[in-house]
Structures are given as structure tokens and as C-alpha cells.
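Observations on the three-dimensional arrangement
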Amino acid sequence: MRMGKMMLLLCTLLLVLSACSSGGSKSGSSAGTAETSTETSTETAATNTDNKGAEEKDAEQTYKTPDMDFDMGGRTIKVVSWWDMTIPEDNPDNIQRKKNLEELEKKHNFKMEYVAIDYGEYQQKLTASLLAGEPLGDIVRLGKTYTIPALVKQDLLWPVDEYTKNPVAFNQSVTNQYMQYNGRGYGFSEGQGNNVMGIFYNRTLMSKLGLKSLQDYVNEDSWNWDTFLQVAKEANKDTNNDGKLDSWGLANPAPLEFALASNETSLTKDNKQNLEDPKTTEALNFISKIATEKVARPTEGGDWTEPGQFFRQGNTLMYTGALYELSGFKKDMPDADIGFVPFPKGPSASSYHSYEGLYQSLFIPKAVKDPDKLLYIWEKINDIDSMYDYPDQASYETSFTDENDINNAKEVAANLIVLDHFTFPNLKFYDFLGEITSGTSVSTVVEKYKAPFQAAIDEVYGSK
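Residues numbered from 1 in each chain as written. Predicted model: local features only at pLDDT ≥ 70, side-chain atom pairs only at ≥ 80, totals over all residues. Heavy atoms only, no water.

Under an unreviewed UniProt entry, the name given to the protein is ABC-type glycerol-3-phosphate transport system substrate-binding protein, and the source organism is Paenibacillus favisporus.

In C-alpha cells form, the structure reads like this:
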């Protein structure tokens, strides 16, 4: 199936290159490819032994909003983000979207305008416009940390869950899980992929040190916190026998958010602090162990970029980070074979996870009229028959050359955990982490911070 799609993809691109102009729009927007799903055909598909027939049945029964006929009166619909969301013509999926938009503009008499505002001033400008009742756009991108609950509580945004039921055009997890407040969904996204976070490792260095492949641990389902610590310690070596370490196992000294997500927990949970949850305690003890046992490469007085610089030197085996960093590593480390594995499972986890601490999506301000029509248009733009087999396929296959790395990225992306502690401005996350890594016992730190954490949460949610 995948080979057939890729052949069709190549043919389509050739036709586009010969028939279209060479101009194209630059955009940071995701291809947002979708995997067709269904709400009603699970039982039928399970009993259908013809895979093609099952796929067609699923596609037929996937919810789609019935076609509507309305006139927007020449209205300009402004889509505001911190990047230009103009649909590029860089792949067959986006070409379909662009064509859909052009047809919708004619049919419903509107014009779509994409507005980009610098990220550094974005939050302040957008928030001020919403509070003034004069939003800068009809569809606006907002970060969860300053939107839920703060802006939603002030009735500044429309709930959208009744209009986002098409799983091809809308990522169901965004509306029904990540951007929920009091049982309603407020955010939406056409992008079906998720942030990929995990461990990048230097396969060249691994081979040089004679270490077991990290992928072997994953294949054996033994990639956990214990084996992770074991590997990191094994890579801390004095390879030239001068009495000093010159090879290290781990670049990052305190990957707390990775630990929380990998143990399926968090520091906060809705309107409550979550420090005393046993899963959280396990994660905190794990980070404390990395520090007290001096597992990671010691700092040389650098800033937050230091772990990445350590990894680039080629003498540090593992780095915890995000997929967008990989292209920089490849450029700076042309002689290194860089692999990717999930962050190891915690003792209370059932699967591997990625995480996001600054989640964002699209919203419609309450001052904007016709949210139902705006979401109908958004649905019809993005309701396409994707050329890809899974979300972000083109990105993964460009980034990785090893099929195992691709499968690892797919697995963690499918199990995203959104962490919300940055929702609370006065929650002293870095002070808290500093005490954990200084060697102070976890129980002492938890006892000290649980009340201040709850106070910081109450400032945002309101105490009960």
C-alpha cells in the first residue's frame, strides 16, 4: 500500500511541475496528513477479511458535515499565527487543500488572509486584542498555557466541539482531550501529527565504545529507567587512560519533563498539585538519582544550550530532545550516524511517550461571528484523501534513514502527554527542579513545595 501511494505521489508531483507555475508559498504549517478513522464501523471492519473493502467501508462511514450553501458577503477571514499559515503547494496533500480553499472562496464568497505576528510579541498582542473585544483574527493560534483556563474562563472563546467531529479534517485529541475545559473543547487543529520527543544517540560512538545497541533494548522491551542508567554509566569512560573521563553517556543533567511523561504523570493535574502522586514521586527520585550518582556529563558553566553542544562534540552518547533539532545535529555532525529511540519507560508506564509543555492550537474568539461557518470552511479545506500512510510521513522519511527510528518516532507521537505546569506563572518550576538535583531528599522537596504549587494553581483557577 505504501509503495503504491509513493508511486502515485511521484506521478502527481511530476504532473504538478509540468502544469503549474514555479511559484510556491513558504510556510511553517504542517502537512497535517490524516489517518481515516470511523466512529461506527469498528465491528463491521473487524469481521471483514478484505482489507481494501474494510478501508472503503471506514471511509464511507467517517463523519462529514453535510454540504452547506451560504454566502459570506465578500468577508475576509483572517487566520493569525506566529508563522505564515498560507497553504504551500509542496506536496499532493497541500495541493488538494489549496484547491479546496479556492473552490470554497468562490462558492461561499469570502477571501482567506493569513497573518503572521512575531512570536516574541504574539501572546501580548493577541491577549490584549481579545480582552478589548477586537480580536486580530477570525481564527487565531493560542498557547494552552495562557488560554486554558485563563481566557476561556472570561468567555472570550467559542467552544468548537460540536463542529469538529470529522476525524479526517480535525485532530480529535486536540479538541476532545488537550484543549478541554469544563467538559467542552475550545481548540482545534487540522494537523494529525504530534510533537516527537525522545533520545537522539550517536550510533558511531556506541559502536566505538562496544556498547549494546539501544534499539536492541527497545526490541526486547527492556528499555526502561534501569537500563537507561546502565547504558549512560557504561559510556562514561576514560578511553585514553589519562585518568579523566573523555566519553560520556548523557548530555542532559535533569530531564524531568521526559521522566514525568515516561511514567505517565505530571506535576499538576487540572486545578490540583500532583506532587504526592506515587508516579510523580518515582519520576522525581529518578531525576535525583541521575544527579546524585553523577550519571550525566558535568556542566562546564554553559547555558541551556550546553547539552546540545556536548552532543555535537561527538563524545556524548545520548541527548534528550525534539525532532526539530535533528537537522542541526546532522549538519554539525556529518560523520556521525544519529539514531532515535523513545525516552525509556518508567516503572508505572504502559507505553513510550512524547510530551509537550507548551501546547498550542487554533481558536475562534467569541467576538467573531459565524463560528459554525468558519469551522465548516476549515473542515472542507482539510477533508482530503491523504497520499500518505500515516501523519508526518514525509517529515519522518526525510529526517530518518533507519526504519527503526521512524517506527520509534511514530510510537511516541501517538502517545503524546501534555504537561501543564507552565500554565501557572508563580509555580516555581526551576527552583523546585534545582532542589531536586542539588541532592535534597525528594520527600523534603515535595513537602516544601506542595503548598506553594497549590497556591500558584489557585491564582489561575481560583480556590474552592
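Text resumes after the structure shown.
Of the regular secondary structure elements, the protein holds 20 helices and 14 strands. The proportion of buried residues among the 464 residues of the protein is 51%. (Helix = DSSP H or I, 4+ residues; strand = E, 2+ residues; numbered from the N terminus. Buried < 20%, exposed > 50% of the residue type's maximum accessible area, 1.4 Å probe, protein only.)

A few words now on the packing of helix α19 (residues 429–437) against helix α20 (residues 442–461). Taken N-terminus to C-terminus, the directions of α19 and α20 make an angle of 170 degrees; their axes are 10 Å apart at the nearest point. Put simply, α19 runs roughly antiparallel to α20. Residues Asp431, Phe432, Glu435 and Ile436 of α19 pack against Val442, Val445, Lys448, Tyr449 and Phe453 of α20. Counted by class, the contact of α19 with α20 contains 6 nonpolar, no polar and 3 charged residues. (Axes fitted to C-alpha atoms, helices over the stretch in contact; angles between N-to-C directions. Parallel < 35°, antiparallel > 145°, perpendicular 65-115°, else oblique. Contact = heavy atoms within 4.5 Å. Nonpolar A, V, L, I, M, F, W, Y, C, P; charged D, E, K, R; others polar.)

Here the focus is the sheet that holds strand β6 (residues 197–202). Pairing within the open sheet is mixed, and its 4 strands lie in the order β7-β10-β6-β11. Lying at the two open borders of the sheet, with one neighbouring strand each, are β7 (248–250) and β11 (338–341). On average, each strand axis in the sheet is inclined to that of its neighbour by 25 degrees, with strand direction left out of account. In this structure, β6 lies alongside strand β10 (residues 316–322), joined through 5 bridges in antiparallel fashion. Following the sheet pairing, Met197 is matched in β10 by Ala322. Most of the contacts of helix α18 (residues 403–414) go to β11, to which it runs at about 35 degrees, and overall it touches β6 and β11. (Pairing = 2+ DSSP bridges.)

With that settled, the discussion passes to the sheet that holds strand β2 (residues 110–116). What links the strands of a sheet is backbone hydrogen bonding, and the strands pair in either a parallel or an antiparallel sense. Pairing in this open sheet of 4 strands is mixed, and the strands run β2-β1-β3-β13 from one edge to the other. A strand with exactly one partner marks an edge of an open sheet, and here the two such strands are β2 and β13 (360–363). On average, adjacent strands in this sheet sit at an angle of 25 degrees to one another, irrespective of strand direction. Pairing of strand β1 (residues 75–81) with strand β3 (residues 139–143) involves 2 bridges; the strand directions are parallel. The residue of β3 that forms the bridge with Val79 is Ile139.

Counting across every chain of the model gives 22 salt bridges. The residue Glu121 makes a salt bridge to Lys125 at a minimum N-O spacing of 3.5 Å. Taken as a pair, Glu121 and Lys125 lie in helix α5 (residues 119–131) at a separation of 4 residues, close to a single helical turn. Across the salt bridge formed by Glu300 and Arg297, the nearest N and O atoms sit 3.6 Å from each other. (Salt bridge = Lys/Arg side-chain N within 4 Å of Asp/Glu carboxyl O.)

Within β3, 5 of the 5 residues are buried, which leaves it mostly tucked inside the rest of the structure. Burial of β3 is two-sided: the residues Ile139, Arg141 and Gly143 facing one way and the residues Val140 and Leu142 facing the other way are all buried. In this sheet, β13 lies alongside β3 in antiparallel orientation, the contact comprising 4 bridges. Counterpart to Gly143 in the pairing with β13 is Gln360.

This brings us to the pairing of β2. Judged from the 7 bridges that link them, β1 and β2 form a sheet pairing that is parallel. Paired with Lys78 across the bridge in β2 is Glu113. A crossover links β1 with its parallel partner β2, the connecting element being helix α4 (residues 92–108), and its sense is right-handed. (Right-handed = clockwise from strand over helix to strand, strands pointing away.)

Under the definition given, this model contains 29 aromatic pairs. Between Phe70 and Tyr376, the aromatic rings sit 5.6 Å apart at their centres with planes inclined by 70 degrees, giving edge-to-face as the arrangement. One end of the pair, Phe70, is in the loop between α3 (51–61) and β1; the other, Tyr376, is in helix α16 (residues 371–382), with 306 residues separating them in the sequence. Residue Phe70 is classed as buried on the basis of its relative accessible area, which comes to 10%. Judged by centre distance (5.0 Å) and plane angle (85 degrees), the ring pair of Trp82 and Tyr122 falls under edge-to-face. Taken together, the residues span a long stretch of sequence, with Trp82 in the loop between β1 and α4 and Tyr122 in helix α5 at a distance of 40 residues. A relative accessible area of 1% means that Tyr122 is categorised as buried. Connected via pairs of aromatic rings, a cluster forms that spans Tyr217, Trp223, Trp225, Phe228, Phe258, Phe286, Phe343 and Tyr355. Lying across the ring of Tyr352, Lys345 places its NZ or CZ 4.9 Å from the centre. The residue whose ring lies beneath Lys410 is Tyr390, and the NZ or CZ to ring-centre distance is 4.1 Å. (Phe/Tyr/Trp six-rings, centres within 6.5 Å; stacked < 30°, edge-to-face > 60°. Lys NZ or Arg CZ within 6 Å of the ring centre and 35° of its normal.)

If you trace the backbone, Ser81 turns up in strand β1. Residue class for Ser81 comes out buried when judged on its relative accessible area of 0%. Sequence-distant contacts of Ser81, defined by excluding residues within four places in its chain, comprise Val115, Ala116, Ile117, Tyr122 and Arg141.

Looking now at unusual backbone geometry. Glycine aside, negative phi is the norm for most residues, and most peptide bonds take the trans geometry. Between Ile148 and the following residue, Pro149, the backbone shows a cis peptide bond with an omega angle of 15 degrees. Tracing the backbone shows Pro149 in the loop between α6 (144–147) and α7 (150–153).

For the rest of this paragraph, the subject is the environment of Phe70. Taking the C-alpha atoms as reference points, Phe70 and Lys107, 37 residues apart in sequence, are found 8.2 Å from one another. Ignoring any residue separated from it by four or fewer positions in sequence, one finds Phe70 in contact with Lys107, His108, Lys373, Tyr376 and Ile377.

What follows covers the nonpolar core. Judged by nonpolar contacts, the single largest core of 74 residues is most densely connected at Trp223, Phe228, Met318 and Phe432. Counting residues per element, this core draws most heavily on α20, at 8 residues. (Core = buried A, V, L, I, M, F, W, Y, C linked by side-chain atoms within 4.5 Å.)

For the protein, the average pLDDT comes to 89, and 86% of its residues sit at 70 or higher. This model gives residues 1–60 a pLDDT under 50, and the stretch forms 80 contacts once residues within four places in sequence are excluded. (pLDDT = per-residue confidence, 0-100.)

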